[in-house]
Amino acid sequence: MKSLIIACAVLFMGCAGTSSQKFSAMQENTDLLVSENQGGADAPGFKIIKDEKDFRNIISGSFGISEPGKGSYIKYPQFPKNKKVVLYNLGSFRSGSHKIEEIKNISVKNQILYVEVPAGEPSGGMEIQMISSPWIIFTVPADYKFTSVELKYSK
């Protein structure tokens, strides 16, 4: 019995170490820079952000601030120089929160960038009907070539 418990503990410790290694390797590939639940387009779509000026204009327009950083309490992320920066609009939703808090994985297959995100939990009960247009800005490696972006929801 003792050896069975020790074997399970060793197996558990080995699995825990592996998953953290995958996560740290994933963090090198992508970063979620901005995630908002309002201000996006009505239809899903993406845009590659080419420079810091465009990046700052998109962020400041979403918050209604004319000059980011001047007297603002909002901490703006740095524009990455060695990665592609992608703005992705999720489209319009009638109720619930659809804000993306984490990117689990990214991959490219047949020139489609697949972005794996956690599935939202249903809140249950009565919800106020409110139209939202969430959007995110994230990075991918500079050598990724893709013509479309698709979200994959997972648990």
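Only a predicted model underlies this, so the values are computations on that prediction, with no experimental measurement involved. (Residues numbered from 1 in each chain as written. Predicted model: local features only at pLDDT ≥ 70, side-chain atom pairs only at ≥ 80, totals over all residues. Heavy atoms only, no water.)

> Would you mind going over the pattern of salt bridges in detail, with residue names and values included?
Two side chains of opposite charge can pair, provided their charged atoms sit close to one another. Scanning the entire structure with this criterion turns up four salt bridges. The partner of Asp31 in a salt bridge is Lys83, with the nearest N and O atoms 3.4 Å apart. Here Lys83 lies in strand S3 (residues 83-89) and Asp31 lies in the loop between helix H1 (2-29) and strand S1 (32-36), a separation of 52 residues in the sequence. The exposure class of Asp31 is partly exposed, given its relative accessible area of 31%. Exposure remark for Lys83: the relative accessible area of 19% places this residue in the buried category. Put simply, Asp54 and Lys47 hold a salt bridge, and the shortest N to O gap is 3.1 Å. (Salt bridge = Lys/Arg side-chain N within 4 Å of Asp/Glu carboxyl O. Helix = DSSP H or I, 4+ residues; strand = E, 2+ residues; numbered from the N terminus. Buried < 20%, exposed > 50% of the residue type's maximum accessible area, 1.4 Å probe, protein only.)

> For the side chain of Thr139, give the residues involved together with the corresponding values.
Of note, Thr139 is situated in strand S6 (residues 135-141). Looking at Thr139, its side chain comes within polar contact range of the main-chain nitrogen of Asp31, at 2.9 Å. Those residues within four positions of Thr139 in sequence are excluded, and the remaining contacts are Asn29, Thr30, Asp31, Leu33, Pro80, Lys83, Lys84 and Val85. (Polar contact = N/O pair within 3.5 Å; in protein donor to acceptor, adjacent residues only side chain to side chain. Contact = heavy atoms within 4.5 Å.)

> Talk me through the packing of aromatic side chains; I want residue IDs and the actual numbers.
Following the criterion strictly, the structure yields two aromatic pairs and no others. Taken together, a centroid distance of 5.6 Å and an interplanar angle of 45° make the contact between Phe46 and Phe146 tilted. In this pair, Phe46 is assigned in strand S2 (residues 45-49) and Phe146 in the loop between S6 and strand S7 (148-154), connecting sequence segments 100 residues apart. When its relative accessible area of 29% is taken as the criterion, Phe46 is described as partly exposed. Centre to centre, the rings of Phe55 and Phe79 are 5.3 Å apart; their planes meet at 55°, and the pair counts as tilted. In this pair, Phe55 sits in helix H2 (residues 52-63) while Phe79 sits in the loop between H2 and S3, placing the two residues 24 residues apart along the sequence. (Phe/Tyr/Trp six-rings, centres within 6.5 Å; stacked < 30°, edge-to-face > 60°.)

> Help me get a handle on the sheet that holds S7, residues and values and all.
Here we have three strands laid out as an open sheet, ordered S4-S5-S7, and mixed in their pairing. Of all strands in the sheet, those with a lone pairing partner are strand S4 (105-109) and S7, marking the two edges. Averaged over all pairs of adjacent strands, the angle between their axes in this sheet comes to 25°, without regard to strand direction. Bridging between S4 and strand S5 (residues 112-118) involves five bridges; their strand directions are antiparallel. Bridge pairing links Ile106 to Val115 in S5. (Pairing = 2+ DSSP bridges. Axes fitted to C-alpha atoms, helices over the stretch in contact; angles between N-to-C directions.)

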